[in-house]
Amino acid sequence: MVDRMAGRHADTGITLHDVVHGGNLHEAAERYGIPYAQWLDLSTGINPHGYPVPPVPTDAWRRLPDEGDGFAACAARYYGAPGAAYVLPVAGSQAAIRALPSLLPRAQVGIAPLTYSEYAPAFERTGHEVAPLDTSWDTLPDALIHVVVVNPNNPTAEYLSTDKLLHWHAQLVARGGTLLIDEAFADAMPSASLAASTHLDGLIVLRSPGKFFGLAGVRAGFVLAAPVLLEALRRKLGAWTVSGPARHAVNAAFADEAWQQQMRTRLDAESARLVSLLQAHGLATHSTPLFAWTDDARAAALHEALAQRGVWTRLFAASGSVRFGLPASDAEWTRFEESLREAVR
């Protein structure tokens, strides 16, 4: 959608080629001549207080993943899905983003101009026509057959109510279409989820333990949808999509309800601290518990000034906006506060 390096779609302004993500710290180190180890990386929305994964059993390394191990059922319980038959584990939601468009009838798909940047090229590669989605719409244009919503949105933090999304879903299903909802950041605000409604045809929900649990490196994710669609996706992706060690880590995280509750409380407090800090410097922000975003006119210059001080944030160049993740420690908070004060002088 944004921050891709190449030509733009003539009608939508959406670029067509390489996708840039946060976490590209080696690139920043090379560009600014600051050693990698000296950077403060706030460029992702990944929880810096990751889940403490217990030791991995030897068999998880030695044996092939066993689809009869209850992994899908564990995810169904955690997400509140109708049952294990409505959950397909995948190698990160990225794998599903690439594969799902080819399973849907080719049509016009609505995607917000500023959202997670993998969706537009994934649909375009399989022959869909991407059109800009206006989230203020109540009634969707007749031409839209499929709609993709990241909820809460990355990076703008916009949240659409479940009532509105179900209203959109009803319109799309009547046209033979699909509503795909990416809930990568919904773990910190569970009431935002439509996981419980995934028994409905034409509704797909993507979930990932990478953000809230700080387990992005395990490359595990889940597709929640009707069993017929999941079976088609299973055939496309093949066997052993999630490794044994990853299954062990995610099972432990999903079962630890005390950690989850404590972490939601902690993230709410740290998000409020981040917003307060940015607003103290005159930056209007929108936030989720895992990141804050601003489209202030000074945002691009602020990104550059912070980078020169070894603080890496996520710049969305096409919109001139910046996303800030959470510092991991008191020392990182102090460094960010000092760097921000210098950068906005």
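The model shown is predicted, which means the values in this text are computed figures rather than measured ones. (Residues numbered from 1 in each chain as written. Predicted model: local features only at pLDDT ≥ 70, side-chain atom pairs only at ≥ 80, totals over all residues. Heavy atoms only, no water.)

1. Concerning the sheet that holds strand 12 (residues 314–316)
- Pairing is antiparallel across the open sheet formed by four strands, whose spatial order is 9-10-13-12. Pairing within the sheet leaves two strands with one partner each, and these edge strands are strand 9 (286–288) and strand 12. Adjacent strand axes in the sheet meet at a mean angle of 20° when their direction is disregarded.
- Bridge count between strand 10 (residues 291–294) and strand 13 (residues 321–325): four bridges; the pairing is antiparallel. Of the residues in strand 13, the one forming a bridge with A292 is F324.
- Helix 10 (residues 299–307) contacts strand 10, strand 12 and strand 13 of the sheet and is inclined by roughly 45° relative to strand 13. (Pairing = 2+ DSSP bridges. Helix = DSSP H or I, 4+ residues; strand = E, 2+ residues; numbered from the N terminus. Axes fitted to C-alpha atoms, helices over the stretch in contact; angles between N-to-C directions. Contact = heavy atoms within 4.5 Å.)

2. Some points on the pairing of strand 6 (residues 178–182)
- Of all five residues in strand 6, five are buried, a share of seventy percent or more.
- Burial along strand 6 is two-sided: the face carrying T178, L180 and D182 and the face carrying L179 and I181 are both buried.
- Inspection of the sheet shows strand 5 (residues 144–150) paired to strand 6 by five bridges, in the parallel sense. Looking at the pairing, V150 lines up with D182 of strand 6.
- Pairing geometry for strand 6 and strand 7 (residues 203–207), over four bridges, is parallel. The residue of strand 7 that forms the bridge with D182 is L206. (Buried < 20%, exposed > 50% of the residue type's maximum accessible area, 1.4 Å probe, protein only.)

3. Things to note about the nonpolar core
- Within the largest apolar cluster, 67 residues are counted, with the highest numbers of intra-cluster contacts made by V147, F213, F222, F254 and F336.
- Of all hydrophobic cores here, the second largest spans 25 residues; its members include I111, Y119, V148 and I204. (Core = buried A, V, L, I, M, F, W, Y, C linked by side-chain atoms within 4.5 Å.)

4. Describing the side chain of E118
- When you line up the elements, E118 lands in the loop between strand 3 (108–111) and helix 5 (119–125).
- The exposure class of E118 is buried, given its relative accessible area of 5%.
- Of the polar contacts made by the side chain of E118, one reaches the side chain of Q94; its length is 3.0 Å. (Polar contact = N/O pair within 3.5 Å; in protein donor to acceptor, adjacent residues only side chain to side chain.)

5. Focus on the sheet that holds strand 5
- Strand order in the open sheet made by the seven strands is 2-8-7-6-5-3-4, with mixed pairing throughout. Whereas interior strands pair on both sides, the edge strands pair on one side only; in this sheet they are strand 2 (87–90) and strand 4 (129–132). If you compare each strand with its neighbour and ignore which way they point, the axes differ by 20° on average.
- Pairing geometry for strand 3 and strand 4, over four bridges, is parallel. Bridging across to strand 4, G110 finds its partner in A131.
- Contacting strand 5, strand 6 and strand 7, helix 6 (residues 162–174) crosses the sheet at an angle of about 155° to strand 5.

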